[in-house]
Amino acid sequence: MNKPAKSPRVLKMHPEMGDLADQQMDADREWFINHPFATKYYRQPFECEVAEFAALEPGRKLKKMLVMKVDEGARARRPIFEDM
């Protein structure tokens, strides 16, 4: 029997992290504005991302974030973990 496909987790951010998330999104937006032909880049995680993605990989450290340009004005983030 086939195993059901895993659905992506929906992560909810604590309301107090809103301003930090805005800073992260502004920084990513600015980076792509300054690098118009780029489709992705790696960066250090913001504090809000460390808290946001911690539950995905318990016992592992969030090392960096891969930020990908999906469409004009739309980006996706992928956490990159390392063993502690």
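Values in this document were obtained by computation on a predicted structure and should not be read as measured data.

Details of the pairing of strand S2 (residues 60-71)
Here is step 1: Bridge count between strand S1 (residues 40-43) and S2: four bridges; the pairing is antiparallel. Residue Tyr-42 lies in a different strand from S2, and its bridge partner there is Leu-66.
Here is step 2: Strand direction decides the pairing type here: S2 and strand S3 (residues 74-83), joined by ten bridges, are antiparallel. Counterpart to Lys-69 in the pairing with S3 is Arg-75.
Here is step 3: A loop of two residues connects S2 with S3, the two strands running antiparallel in sequence, and Gly-73 in this loop sits at a positive phi of about 85°.

Comments concerning the pattern of salt bridges
Note that side chains of opposite charge can pair when their charged atoms are close.
Here is step 1: This structure, assessed with the given rule, holds seven salt bridges.
Here is step 2: Arg-77 is the salt-bridge partner of Glu-52, the closest N and O atoms lying 3.2 Å from each other. Residue Glu-52 is found in helix H2 (residues 47-53), and its partner Arg-77 is found in strand S3; the two are separated by 25 residues along the sequence.
Here is step 3: Owing to a relative accessible area of 16%, Glu-52 belongs among the buried residues under this scheme.
Here is step 4: Glu-57 is the partner of Arg-60 in a salt bridge, and the nearest nitrogen-oxygen pair spans 3.3 Å.

Section: the confidence of the model for the protein
Keep in mind that low pLDDT regions are not for reading the predicted coordinates in detail.
Here is step 1: On average, residues of the protein score 81 in pLDDT, and 79% of them are at 70 or above.
Here is step 2: Mean pLDDT across the elements of the protein ranges from a minimum in H2, with 84, to a maximum in S1, with 96.
Here is step 3: Counting contacts from residues 1-7, a segment whose pLDDT is below 50, to residues more than four positions away or on other chains yields zero contacts.

Considerations on the sheet that holds S2
Here is step 1: Strand order in the open sheet formed by three strands is S1-S2-S3, and the pairing between neighbours is antiparallel. Every other strand in the sheet has two partners, leaving S1 and S3 as the edge strands with one partner each. Pairwise comparison of adjacent strand axes, ignoring direction, gives a mean angle of 20° for this sheet.

Quick word on the environment of Pro-45
Here is step 1: Within the secondary structure, Pro-45 is located in the loop between S1 and H2.
Here is step 2: Along the chain, Pro-45 and Ile-80 lie 35 residues apart, while their C-alpha atoms are 9.4 Å from each other.
Here is step 3: For Pro-45, the contacting residues outside a window of four places in its chain are Val-50, Leu-62, Lys-63, Lys-64 and Met-65.

What counts and what doesn't
Residues numbered from 1 in each chain as written. Predicted model: local features only at pLDDT ≥ 70, side-chain atom pairs only at ≥ 80, totals over all residues. Heavy atoms only, no water. Pairing = 2+ DSSP bridges. Helix = DSSP H or I, 4+ residues; strand = E, 2+ residues; numbered from the N terminus. Salt bridge = Lys/Arg side-chain N within 4 Å of Asp/Glu carboxyl O. Buried < 20%, exposed > 50% of the residue type's maximum accessible area, 1.4 Å probe, protein only. pLDDT = per-residue confidence, 0-100. Contact = heavy atoms within 4.5 Å. Axes fitted to C-alpha atoms, helices over the stretch in contact; angles between N-to-C directions.

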